[in-house]
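Each chain, letter by letter, is given below.
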Amino acid sequence: MFQTVALSGSRGERQLFSDVSVTVKPGTLLAVVGENGSGKTSFLRMLCGLLSPDGGAILWQGKDIRQLKELYSAQLTYVGHLNGIKDELTPVENLTVSASLAGDESSGAIVQKALEAVGLVRPVHRLPTRVLSQGQKRRVSLARLWLSTRPLWLLDEPFASLDAAATSYLTQRLHAHLNNGGMVVVATHQEIAIPTDSIQHLRLTR
Amino acid sequence: MSGTGINWFKYSSPQALYPLAGRMIPWFAALALGLIGVGLYVGFFVAPTDVTQGDAYRIIFVHVPAAWMSMFLYVIMAIWAGLGLGLNARPSFMMAQAIAPTGAMFTFLALFTGSMWGKPTWGAWWVWDARLTSELILLFQYIGIILLRSSIDDLRRADRASAVLALVGVINVPIIYFSVRWWNTLHQGASVSITAAPTMAGTMVTAMLVMMFGFWMYSIAVTLARMRCVIVERERHPSWGKQASMPDAVEAR
Amino acid sequence: MQWGSLAEFFAMGGYGLYVWPSFGVTALCMGGEVFAVWRRHAAAAGSRDES
Amino acid sequence: MSQPSMSEALRGVIRRDLLLAMRHRSDVAMSVFFVVIVASLFPLGVGPESAVLRVIASGVLWVTALLACLLSLGRLFTADYLDGVLEQTLLIPQPLAVLVVGKVFSHWVISGLPVVLLSPLLGLQFGLSGDSLWVLTLSLLLGTPTLSMIGAIGAALTLGLRGSGLLVALLVLPLFIPVLIFGAGAVTNSLAGIGSEANLSLLGACFLFSFAFAPWATAVALRIALE
């Protein structure tokens, strides 16, 4: 179980949100919605532990993540609004390195399967990522989710620059993760077509 | 580095510090004026002319206190910076910020008066003596900290980054001092040393100590005054006092 | 009192050229700093009242 | 729960950075060329008397090594910062200081090691011979990792700031001074016939000291920069 307690945060000297208390139970998804500049990204980065809150706390299984530190990092997969991939490396190299750094399985076959699952065909796998389109780069970044065995996923605008096909692959993947008892927090401004009652919304306003 | 402990500074908010500092400044300023006045009187009219150095030695009445303050203030600044990082306390970052320019000024004065003293005594404006060289590097470090702060727009990051630099620098200062001394003894050229100064008359020591306390009080007064500036300048940022809009409550469906 | 005359005091036993700039620059720096802080405070406090 | 072992994470970071360096071979070549050309400028400026050159050799070559390290510091974290890899690095479930050691090691392999390998050749240009050549190489071998380690703190502090290239030089150069003094001193002593062991062991002490503190300070600075 994943909780925020009376969380408040600011960016620079601007207060973004305050007193946010939400609970994400296993098998549920929290959609963080709000217009641009409402603090969605900061909220997600705070949940990762990258940003420290002005007040309140974030609890993983009842323990403060600031005490858990690396133990908490080992529970989550974060896809930020930056892709976190190297332009000079191929998609295969990118995924292999990031999976092995995360401690996930990173054999050639598994990486290839993950890339195919996001709809990247084989010839693309061995090209330098720099020559791919924005949407393809995003897919490489999201392919990490097919390798991830972590229970908590934190996704910042995962659907941005994805086409309809990739959107549906991702939706299916999220659905499968939730059915496995996983937890997802996603910042988005579009509806997520997961047919369950396990979605809750958090609206941030400016 | 995150402030997980109790926030001790919660009750010493900047808003409360502002009037407190305002009340303290006149006292320290008066003490500074008085002590410096007495120090100058003793230094120029009571202390005798030095047998070997003549009246040039009177420069040490400003030189030694300035040099002492330059190092002392650096350590104090680093302590405030460390406290700020450890306790996540904004007022201590502000103190560190307020101290830096005064420290840099005293470092410059120590170097300037040092070379004024060196010319008649050693016959050279500048000698690569261990103390002079490490004082020069101390000035570079002060300038680095001030520059780093001024090139970061985000206040929180500026506070913390310059605090880290101040702490790294405080480790470096003794290392530099000993390395330069080591280096200097190998190059036999600079055989003069400040430590070889002849024993001083009691009145000379008195004048120097009184001046030192005067400079100390001056530093406190001017640092508190700058702290007040920092408080007011930061207050202009919108996050103080007025709260931005709250998010809607969580709606589940 | 060791100084016979004012001129003797300013000559500082022949070292006046070194002694007085030292004290002068120190006074200038400290006075300048006080002035700068005072100006900074006036500017900051002034703009606070406007907003 | 998946968690890489510490050595796995360390190796992963190093492997990625070295792989990237292989793709950017021209960058590495440029820093090597920079060292050679700067070192070659001094004889042209000072004059060709070998007695003079031998005296200034240690200082010149050490300052050159310092500049080479400074020049490449910008690359240490900036690219990772811009493409989001640094953010992911911070989330790797291992102490950040350990991962920083990996990054610094790769930085040293790319920028410091070439200087170390080139130094006997450059030393010859300045008329060093025999023992002093070896002492020069050894002092650089001991000193350049320290430079990378201290430089990493500056690079992390100035990450993403405007004019960070110049700023990092201003912050880091004062911290480099002890290494410069001991490193250049080792060569000078060996030329003078005094033993250089003391200087070399002090360089070693600097290395151990920076190894103990710098990665930790860099980790703190990186977290601050990414907030």
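Residues numbered from 1 in each chain as written. Chains lettered and ligands numbered in written order. Predicted model: local features only at pLDDT ≥ 70, side-chain atom pairs only at ≥ 80, totals over all residues. Heavy atoms only, no water.

### Considering the overall build of chain C
Then, in step 1: Helix and strand content of chain C: 2 helices and 0 strands.
Then, in step 2: A burial count over chain C gives 29% of its 51 residues as buried.
Then, in step 3: Surface summary for chain C: the accessible area is close to 3100 Å², and the carbon and sulfur share equals 68%. (Helix = DSSP H or I, 4+ residues; strand = E, 2+ residues; numbered from the N terminus. Buried < 20%, exposed > 50% of the residue type's maximum accessible area, 1.4 Å probe, protein only. Areas by Shrake-Rupley, 256 points an atom, 1.4 Å probe, with all protein chains shown as cover.)

### Notes on the sheet that holds strand E5 (residues 63–64) of chain A
Then, in step 1: Here 4 strands make up an open sheet; going across it, the order is E2-E1-E4-E5 (chain A) and the pairing antiparallel. Two strands lie at the open edges of the sheet, namely strand E2 (14–24) and E5 of chain A, each paired on one side alone. (Pairing = 2+ DSSP bridges.)

### A few points about the interface of chain A and chain D
A common way to report how large an interface is uses the accessible area buried once the components associate.
Then, in step 1: Taken together, the contact pairs 32 residues of chain A with 31 residues of chain D.
Then, in step 2: A buried area of about 2800 Å², summed over both sides, lies between chain A and chain D, and 55% of it is on carbon and sulfur atoms.
Then, in step 3: Looking only at chain A, the three residues that lose the most surface to chain D are Leu50, Lys86 and Leu101 of chain A, adding up to 26% of its buried area.
Then, in step 4: The interface formed by chain A and chain D includes 4 salt bridges.
Then, in step 5: Ionic pairing is found between lysine 86 of chain A and aspartate 83 of chain D, a salt bridge with its closest N-O pair at 3.0 Å. (Contact = heavy atoms within 4.5 Å. Buried area = accessible area lost by both parts, 1.4 Å probe. Salt bridge = Lys/Arg side-chain N within 4 Å of Asp/Glu carboxyl O.)

### Some thoughts on the interface of chain C and chain B
Then, in step 1: Every contact between the two is made by 27 residues of chain C and, on the other side, 42 residues of chain B.
Then, in step 2: At the junction of chain C with chain B, the criterion picks out 2 salt bridges.
Then, in step 3: The closest approach of N and O atoms between arginine 40 of chain C and glutamate 233 of chain B, which form a salt bridge, is 2.9 Å.
Then, in step 4: Counting across the interface, chain C meets chain B through 6 residue pairs in polar contact (both at pLDDT 80 or more). (Polar contact = N/O pair within 3.5 Å; in protein donor to acceptor, adjacent residues only side chain to side chain.)

### A closer look at the packing of helix H2 (residues 25–46) of chain D against helix H3 (residues 50–83) of chain D
All names here are of chain D.
Then, in step 1: Between H2 and H3, the least distance of the axes is 9 Å, while the angle of their chain directions is 150°. One element, H2, and the other, H3, form an angle in the roughly antiparallel class. Seen from above, H2 lies across H3 with right-handed handedness. Each of Asp27, Phe34, Val35, Val38, Ala39, Phe42, Pro43 and Val46 in H2 lies in contact with H3, whose residues at this interface are Val52, Leu53, Ile56, Val60, Leu61, Thr64, Leu67, Ala68, Leu71 and Arg75.
Then, in step 2: Looking at side-chain class alone, the contact of H2 with H3 contains 15 nonpolar, 1 polar and 2 charged residues. (Axes fitted to C-alpha atoms, helices over the stretch in contact; angles between N-to-C directions. Parallel < 35°, antiparallel > 145°, perpendicular 65-115°, else oblique. Left-handed = near helix turned anticlockwise from the far one by under 90°. Nonpolar A, V, L, I, M, F, W, Y, C, P; charged D, E, K, R; others polar.)

### Here we look at helix H4 (residues 91–102) of chain A
Then, in step 1: Here H4 of chain A contains 12 residues, and its C-alpha end-to-end distance of 16 Å stays within 8% of the 16 Å for a straight helix at 1.5 Å per residue.
Then, in step 2: Of all 12 residues making up H4 of chain A, 10 are buried, and the element is well covered by its neighbours.
Then, in step 3: Tucked inside the fold, the buried residues of H4 of chain A contact helix H5 (108–117), helix H6 (122–125), helix H7 (134–142) and helix H8 (144–147) of chain A together with helix H1 (6–23) of chain D.
Then, in step 4: One or two positions beyond H4 of chain A, positive phi appears at glycine 103 of chain A, with a value near 85°. (Expected span 1.5 Å × (residues − 1).)

### Structural notes on a nonpolar patch on the surface
All names here are of chain D.
Then, in step 1: Together, Leu41, Phe42, Leu44, Val46 and Val52 make up a nonpolar patch on the protein surface, roughly 450 Å² of accessible area in all.
Then, in step 2: With 4 residues, the top contributor of residues to the nonpolar patch is H2.
Then, in step 3: Note on placement: valine 46 falls in helix H2. (Patch = residues over 30% accessible without salt bridge, like charges linked within 9 Å, V, L, I, M, F, W, Y side chains within 5 Å.)

### Let's talk about the environment of valine 111 of chain A
Then, in step 1: Within the secondary structure, valine 111 of chain A sits in helix H5.
Then, in step 2: The spacing of valine 111 of chain A and proline 91 of chain A is 20 residues in sequence and 9.1 Å in space, taken between C-alpha atoms.

### Regarding the nonpolar core
Then, in step 1: Among the nonpolar cores identified, the biggest contains 172 residues, and Phe2, Phe43 and Leu154 of chain A together with Phe61 and Phe106 of chain B are the most heavily contacted of them.
Then, in step 2: Top element by residues in this core is helix H7 (residues 164–192) of chain D. It accounts for 14 residues.
Then, in step 3: Counting residues in each nonpolar core, the second largest holds 18 residues, with Phe159, Leu174, Ile194 and Ile199 of chain A among its members. (Core = buried A, V, L, I, M, F, W, Y, C linked by side-chain atoms within 4.5 Å.)

### Thoughts on unusual backbone geometry
Comment: phi is negative for the bulk of residues other than glycine, and the bulk of peptide bonds are trans.
Residue and element names in this part refer to chain A.
Then, in step 1: Its identity is not glycine, yet aspartate 19 carries a phi of approximately 55°, on the positive side.
Then, in step 2: For serine 161, which is not a glycine, the phi torsion comes out positive at approximately 55°.
Then, in step 3: Relative to the helices and strands, serine 161 resides in the loop between strand E7 (152–156) and helix H9 (164–179).
Then, in step 4: Residue classification places serine 161 among the partly exposed positions, given a relative accessible area of 48%.

### Description of the packing of aromatic side chains
Then, in step 1: Per the stated rule, a full pass over the model turns up 30 aromatic pairs over all chains.
Then, in step 2: Relative to tyrosine 72 of chain A, the ring of phenylalanine 2 of chain A lies with its centre 6.4 Å away and its plane at 5°, an arrangement referred to as stacked. One end of the pair, phenylalanine 2 of chain A, is in strand E1 (residues 2–11); the other, tyrosine 72 of chain A, is in helix H3 (residues 70–73), with 70 residues separating them in the sequence.
Then, in step 3: Each member of the aromatic cluster is reached from another via a ring pair, and the members are Tyr41, Phe44 and Phe45 of chain B together with Phe9, Phe10, Trp20 and Phe23 of chain C. (Phe/Tyr/Trp six-rings, centres within 6.5 Å; stacked < 30°, edge-to-face > 60°.)

### Regarding the packing of H3 of chain D against helix H8 (residues 197–226) of chain D
All names here are of chain D.
Then, in step 1: As a packed pair, H3 and H8 sit with axes 14 Å apart at the nearest point and diverge in direction by 30°. Considering their axes alone, H3 and H8 lie roughly parallel with respect to each other. In the packing of H3 onto H8, the handedness of the crossing is right-handed. Of H8, the residues touching H3 (which contributes Trp62, Phe77 and Tyr81) are Leu203, Thr218, Leu222, Ala225 and Leu226.
Then, in step 2: A per-class count over the contact of H3 with H8 returns 7 nonpolar, 1 polar and no charged.

### Regarding helix H5 (residues 96–125) of chain D
Residue and element names in this part refer to chain D.
Then, in step 1: Counted at 1.5 Å a residue, the expected span for H5 with its 30 residues is 44 Å, and the 42 Å between its end C-alpha atoms agrees.
Then, in step 2: For H5, the principal kink sits at serine 119 and spans about 45°; a proline, proline 120, occurs within the next four residues.
Then, in step 3: Positive backbone phi, at 80°, marks glycine 127, one or two positions downstream of H5. (Bend = angle between axes of the 7 residues up to and from the residue.)

### Considering the pattern of salt bridges
Then, in step 1: By the definition in use, this model includes 19 salt bridges over all chains.
Then, in step 2: For lysine 40 of chain A, the salt bridge goes to glutamate 157 of chain A, with nearest N and O atoms at 4.0 Å. A residue pair is termed long-range when its members are at least 10 positions apart, and lysine 40 of chain A in helix H1 (residues 40–48) and glutamate 157 of chain A in the loop between E7 and H9 qualify at 117 residues. Neither lysine 40 of chain A nor glutamate 157 of chain A differs from the other in exposure class; each is buried.
Then, in step 3: The partner of glutamate 116 of chain A in a salt bridge is arginine 122 of chain A, with the nearest N and O atoms 2.8 Å apart.
Then, in step 4: Since its relative accessible area comes to 34%, glutamate 116 of chain A is described here as partly exposed.
Then, in step 5: Linked through salt bridges whose partners overlap, the residues forming this network are Lys86 of chain A together with Asp17, Asp80, Asp83 and Lys103 of chain D.

### Section: the environment of phenylalanine 215 of chain B
Then, in step 1: Along the chain, the position of phenylalanine 215 of chain B falls in helix H6 (residues 202–235).
Then, in step 2: Overall, phenylalanine 215 of chain B belongs to the buried group, its relative accessible area being 1%.
Then, in step 3: Taking C-alpha positions, phenylalanine 215 of chain B is 7.3 Å from isoleucine 36 of chain B, a pair spaced 179 residues apart along the chain.
Then, in step 4: Residues contacting phenylalanine 215 of chain B, with those up to four places away along its chain left out, are Ile36, Val62, Pro65, Ala66, Met69 and Phe106 of chain B together with Thr26 and Met30 of chain C.

### What about the arrangement of the chains?
Then, in step 1: Considering every one of the 4 pairs of chains in contact, the largest contact total is recorded for chains B and C.
Then, in step 2: Spatially, chain A is disjoint from chain C: no contact exists, and the shortest C-alpha separation is 17 Å.
Then, in step 3: Where chain C comes nearest to chain D, the C-alpha atoms are still 24 Å apart, and the two do not contact one another.

### Some words on the side chain of lysine 137 of chain A
Then, in step 1: Tracing the chain through its elements places lysine 137 of chain A in helix H7.
Then, in step 2: Ignoring any residue separated from it by four or fewer positions in sequence, one finds lysine 137 of chain A in contact with Asn83, Ile85, Asp87, Thr129, Arg130 and Leu132 of chain A.

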